[in-house]
Amino acid sequence: MIVIKEDRTVERVRGQAEEWKRQIRETACGYGQDYIIMMWLGYLNGLQMAGVITYEEYLDLHSDVKNYAAGLEAIRERRQVNGL
């Protein structure tokens, strides 16, 4: 009998992403938020280079990071325009 082990790596990475999002929300400084995002991208890059995730999974996760960062930037711009 062949047993296929289900790989939950992407699920674990997405769980870690939620932790990083929490840290970003709790970080008041824009530079600190940017630093966490860059660490997040480096982590994904390392996983892909080590063969832990496929290139397609990397692209999907990277897209999630880019979308989150774009939303964060939009919030910053809105606050700047409103003088907050």
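Residues numbered from 1 in each chain as written. Predicted model: local features only at pLDDT ≥ 70, side-chain atom pairs only at ≥ 80, totals over all residues. Heavy atoms only, no water.

1. A few points about the nonpolar core
Where a protein is soluble and globular, its nonpolar side chains tend to be buried together.
Stage number 1. One finds Ile24, Ile37, Trp40, Leu44, Ile53, Leu61 and Val65 to be the most contacted residues of the largest nonpolar core, which totals 17 residues.
Stage number 2. Elements with a minimum of two residues in this core: α1 (9-26), α2 (30-49) and α3 (55-81).
Stage number 3. Top contributing element to this core by residue count: α2, with 6 residues.
Stage number 4. The contact partners of Val65, leaving out residues within four places of it in the chain, are Ile37, Trp40, Leu41 and Leu44. (Core = buried A, V, L, I, M, F, W, Y, C linked by side-chain atoms within 4.5 Å. Buried < 20%, exposed > 50% of the residue type's maximum accessible area, 1.4 Å probe, protein only. Helix = DSSP H or I, 4+ residues; strand = E, 2+ residues; numbered from the N terminus. Contact = heavy atoms within 4.5 Å.)

2. A look at the packing of aromatic side chains
Stage number 1. Applying the stated criterion across every chain, the model contains 4 aromatic pairs.
Stage number 2. Arranged with centres 5.1 Å apart and planes meeting at 75°, the rings of Trp20 and Tyr43 form a pair that is edge-to-face. Of this pair, Trp20 sits in helix α1 while Tyr43 sits in helix α2, and the two are 23 residues apart along the sequence.
Stage number 3. Residue classification places Trp20 among the buried residues on the basis of a relative accessible area of 8%.
Stage number 4. Looking at Tyr43, the relative accessible area reads 35%, which means it is partly exposed.
Stage number 5. Taking the centre distance of 6.0 Å and the plane angle of 25° together, the rings of Tyr55 and Tyr58 count as stacked. One end of the pair, Tyr55, and the other, Tyr58, are both in helix α3, 3 residues apart, so they sit about a helical turn from each other.
Stage number 6. Take Tyr55: its relative accessible area is 44%, and that puts it in the partly exposed class.
Stage number 7. Here Tyr58 falls in the buried class, since its relative accessible area comes to 14%. (Phe/Tyr/Trp six-rings, centres within 6.5 Å; stacked < 30°, edge-to-face > 60°.)

Take it as geometry only, folks, not as evidence of what the structure does.
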